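# Geometric and topological summary
The residues making up each chain are set out below.
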Amino acid sequence: MATQRTMKDYCWTCGSDQQHRRLDKKEEDWLKERLGRSGVGEFWICVNVLDTDTGKQCRNLRTGFNKKPFAEPIKVPVLD
């Protein structure tokens, strides 16, 4: 199994530095359709746990250089 790349950077919806990871294939496909783009490799997803009882994560998107790439946050849904 491949090691997943992560980075700790600012999440503007959490309001602090949080751990982020690259999107998986299903998440990339969802975002490509959502944005109407052919590539979304620059995006990272915040994996900060907001609710320890349920494990619900923030899942806000950012790029490596832009903490707020969209006027309104885009949060990736949990995809089965």
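Not measured: the values here are computed from a predicted model. (Residues numbered from 1 in each chain as written. Predicted model: local features only at pLDDT ≥ 70, side-chain atom pairs only at ≥ 80, totals over all residues. Heavy atoms only, no water.)

## Thoughts on the pairing of strand β2 (residues 16–22)
Direction of pairing for strand β1 (residues 6–11) relative to β2: antiparallel, over a ladder of 6 bridges. Pairing of Asp-9 across the sheet is with Gln-18, part of β2. Counting the residues between successive antiparallel strands, the hairpin from β1 to β2 contains 4 residues, one of them, Gly-15, with a positive phi of roughly 80 degrees. Note: β2 against strand β3 (residues 43–46), 3 bridges, orientation antiparallel. Of the residues in β3, the one forming a bridge with His-20 is Cys-46. (Pairing = 2+ DSSP bridges. Helix = DSSP H or I, 4+ residues; strand = E, 2+ residues; numbered from the N terminus.)

## Describing the nonpolar core
Among the nonpolar cores identified, the biggest contains 10 residues, and these are Leu-23, Leu-31, Val-40, Phe-43, Ile-45, Val-47, Leu-61, Phe-70, Ile-74 and Val-76. Setting aside chain neighbours within four positions, we find Val-40 in contact with Glu-28, Leu-31, Lys-32 and Leu-35. (Core = buried A, V, L, I, M, F, W, Y, C linked by side-chain atoms within 4.5 Å. Buried < 20%, exposed > 50% of the residue type's maximum accessible area, 1.4 Å probe, protein only. Contact = heavy atoms within 4.5 Å.)

## Looking at the sheet that holds β3
Hydrogen bonds along the backbone pair up the strands of a sheet, which may run parallel or antiparallel. With antiparallel pairing, the 4 strands of this open sheet are ordered in space as β1-β2-β3-β6. The open sheet is flanked by β1 and β6 (61–63), the only strands paired with a single partner. Here the average twist between neighbouring strands, direction ignored, is 45 degrees. Docked against the sheet, helix α1 (residues 25–35) engages β2, β3 and β6, running at close to 115 degrees with respect to β3. (Axes fitted to C-alpha atoms, helices over the stretch in contact; angles between N-to-C directions.)

## Here's the deal with the packing of aromatic side chains
Scanning the entire structure with this criterion turns up 1 aromatic pair. Look at Phe-43 and Phe-70: their rings are 5.6 Å apart centre to centre, the planes differ by 10 degrees, and that puts the pair in the stacked class. One end of the pair, Phe-43, is in strand β3; the other, Phe-70, is in the segment after β6, with 27 residues separating them in the sequence. By the burial criterion, Phe-43 is buried, and Phe-70 matches it. (Phe/Tyr/Trp six-rings, centres within 6.5 Å; stacked < 30°, edge-to-face > 60°.)

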